[in-house]
Number of protein chains: 2
Amino acid sequence: MSTPHLDVEQVEAANAAFYDALEQGDFERISDLWLSPADLGVDESYHDPADAGVISCVHPGWPALTGRGAVLRSYALIIANTDYIQFFLTDVHISVTGDTALVSCAENILSGGPAPQGGEELGPLVGQLVVATNVFRRTPAGWKLWSHHASPVLAESAEDAEDAEDL
Amino acid sequence: MSTPHLDVEQVEAANAAFYDALEQGDFERISDLWLSPADLGVDESYHDPADAGVISCVHPGWPALTGRGAVLRSYALIIANTDYIQFFLTDVHISVTGDTALVSCAENILSGGPAPQGGEELGPLVGQLVVATNVFRRTPAGWKLWSHHASPVLAESAEDAEDAEDL
C-alpha cells in the first residue's frame, strides 16, 4: 500500500537516478528509466488511441522529441559528445497524485566536451543553469519518465524576470 | 463514461482554451484554467503531504514558479506588459492516461508590447518560436493545468540540434 510520503520518496529517488545515469553516461540505465511499452504490459505494436505510453523530451534550446526512438537517439548523441557532466539539483519540488508525479527542479550543470584539439585532455568546463520539469508514471517496474522538459534560465531569479517584464 | 478519443478531444480543447485566454489577456479565465484547491474539492488550508494540488510554471527563459500565488502573479505581469499576442500552435501531441494528460506543442508566437515612446501605437511585433509541455489533470470541473513549461527553440529542427551536438 503506497502512502503519500513513500510516493514522494520514491519519485525523488527515481529523479536522482535519472541524473545519476546521465552523469555516468549510462545509456542502458537512461533507456530503462524512460517509460516503455514493456513497463505498461503492452506489446510494442499496440496502438493506443490516447497514446498513453508516448514519451516526450525537450533538451535546452531544442524542439520537442516524441517517442522512444527519437528521445533515446538524442541521449546517445549527447553521451557521445559529453566527456564530463555533473548535475547539482536545487529547488526540487515534487507533486504526486494517483499514478503520476510532477517534479520541478533546477539543474546546476558543470560539463565539458572533448578538447578542441583532440587527444586525451578535457575541453573547458562550462557552467549552466537549467530548469527542468520531469513527469513520472507509476508502473509495476517502478516510477518511469513520461516527459522531461529542460530549458536555459536567462534571468537570475523570478523577481528579475518579473522586473524585466516591467521594462 | 470517458473514452480515449473523447479524452484527447477534451484535452485538446482545454489546451486551446488556455492559449485563447492568453490571447485575450483574460486573467479570470487563465486563473480558472489552472488547477485550484476548489477543483480538487479541498479547502485552501488543506495540507497534502504529496502536494498533489501544487502547480508549477516556467515561462521562456525564466526559473520555475511554484504555487498559484506566484504563477498567477506572473500572468498578471505578462498581461499588463503585452498589448498584442497571438499563438499559432503546431506539432500538438497529446498523451492521456487515467486522469492525467501530457500535451507537447510548438507555440509560434507573434507579440507586441506598448510603443517605446508611449501613446496609442503598438510597439514592433516580434515573432518567437517556443516549445511547450503542458500537463493537465481531470477534475469534476474539467481538465485543468497542473504544469506549463515553455522554452525558446534555438535550433531550427531536431536534426539541426543533433547536428550541433555532433560538432
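Shown above is the structure to which this text applies.
Since the structure is predicted, the reported quantities are computational estimates derived from the model, not experimental observations.

S.K.: How do you make sense of the relation of the copies chain A and chain B when you look at a structure like this?
M.R.: The relation between the two chain copies is a rotation about an axis coupled with a shift along that axis. With an RMSD of 0.0 Å, the fit of chain A onto chain B corresponds to turning through 180° and sliding 0.0 Å along the axis. This pairing of chains is accounted for by a two-fold axis. Identified as the residue of chain A closest to the rotation axis by C-alpha distance is Ser151(A), at 2.9 Å. Comparing interface residues between copies, 100% of those in chain A also lie at the interface in chain B; the contact surface is shared.

S.K.: Quick question: what am I supposed to make of the pairing of strand S5 (residues 126-139) of chain B here?
M.R.: Each regular strand carries side chains that alternate between the two faces of the sheet. All names here are of chain B. In this sheet, S5 lies alongside strand S4 (residues 100-112) in antiparallel orientation, the contact comprising twelve bridges. The residue of S5 that forms the bridge with Ala101 is Phe136. If you look at the hairpin formed by S5 and strand S6 (residues 142-152), you'll find two residues sitting between the two strands.

S.K.: When you look at the sheet that holds strand S2 (residues 65-66) of chain B in this model, what are you seeing that I'm missing?
M.R.: Either a parallel or an antiparallel arrangement is found when strands of a sheet pair, and the pairing is made through backbone hydrogen bonds. Residue and element names in this part refer to chain B. Strand order in this open sheet of six strands is S2-S1-S6-S5-S4-S3, and the pairing throughout is mixed. Looking along the sheet, the strands with just one partner apiece sit at the ends: S2 and strand S3 (84-97). Relative to S6, strand S1 (residues 56-58) runs parallel, the two sharing three bridges. Paired with Val58 across the two strands is His149, which belongs to S6. Contacts from helix H1 (residues 4-24) reach S3, S4, S5 and S6, with the element oriented near 160° to S3.

S.K.: Quick question: what am I supposed to make of the pattern of salt bridges here?
M.R.: Side chains carrying opposite charge are able to pair once their charged atoms draw close together. Residues and elements named next belong to chain A. In total, this model carries ten salt bridges over all chains according to the counting rule given. Asp39 is the partner of Lys144 in a salt bridge, and the nearest nitrogen-oxygen pair spans 3.7 Å. Placement of the pair is Lys144 in strand S6 (residues 142-152) and Asp39 in the loop between helix H2 (27-33) and strand S1 (56-58), with a sequence separation of 105 residues. In this pair, the class of Lys144 matches that of Asp39, namely buried. What emerges from the salt-bridge pattern is a single network uniting Arg29, Asp32, Asp39 and Lys144.

S.K.: Help me understand the environment of Ser56(A) in this model?
M.R.: Residue and element names in this part refer to chain A. Note on placement: Ser56 falls in strand S1. Among the residues examined, Ser56 registers a relative accessible area of 5% and is labelled buried. C-alpha separation for the pair Ser56 and His149, spaced 93 residues apart in sequence, amounts to 8.1 Å.

S.K.: Explain the packing of aromatic side chains here, please?
M.R.: All names here are of chain A. Scanning the model with the defined rule gives ten aromatic pairs over all chains in all. Centroid distance Trp34 to Tyr75: 6.2 Å. Interplanar angle 50°. Geometry classified as tilted. In this pair, Trp34 sits in the loop between H2 and S1 while Tyr75 sits in helix H3 (residues 68-80), placing the two residues 41 residues apart along the sequence. Note on accessibility: Trp34 and Tyr75 belong to one class, buried. In textbook terms, an aromatic cluster arises when at least three aromatic residues are bridged by ring pairs, as seen for Phe18, Tyr19, Trp34, Tyr75 and Phe87. In this arrangement the basic side chain of Arg137 is found over the ring face of Trp146, its NZ or CZ atom lying 4.5 Å from the centre.

S.K.: Even after reading the chapter, I still don't get the interface of chain A and chain B, so can you show me in this structure?
M.R.: Much of the literature gives interface size as the accessible area that the parts lose upon coming together. The partner chain B presents 51 residues to the 51 residues of chain A that form the contact. Counting the contacts that link chain A with chain B gives zero salt bridges. Across the chain A-chain B interface, the total number found is 18 residue pairs in polar contact (both at pLDDT 80 or more). Residue contributions to the side of chain A that touches chain B peak at six residues, all from S6(A). For the side of chain A that touches chain B, a count of residues per class yields 29 nonpolar, 16 polar and six charged.

Calculation notes
Residues numbered from 1 in each chain as written. Chains lettered and ligands numbered in written order. Predicted model: local features only at pLDDT ≥ 70, side-chain atom pairs only at ≥ 80, totals over all residues. Heavy atoms only, no water. Least-squares fit on C-alpha atoms with pLDDT ≥ 70 in both. Contact = heavy atoms within 4.5 Å. Pairing = 2+ DSSP bridges. Helix = DSSP H or I, 4+ residues; strand = E, 2+ residues; numbered from the N terminus. Axes fitted to C-alpha atoms, helices over the stretch in contact; angles between N-to-C directions. Salt bridge = Lys/Arg side-chain N within 4 Å of Asp/Glu carboxyl O. Buried < 20%, exposed > 50% of the residue type's maximum accessible area, 1.4 Å probe, protein only. Phe/Tyr/Trp six-rings, centres within 6.5 Å; stacked < 30°, edge-to-face > 60°. Lys NZ or Arg CZ within 6 Å of the ring centre and 35° of its normal. Polar contact = N/O pair within 3.5 Å; in protein donor to acceptor, adjacent residues only side chain to side chain. Nonpolar A, V, L, I, M, F, W, Y, C, P; charged D, E, K, R; others polar.

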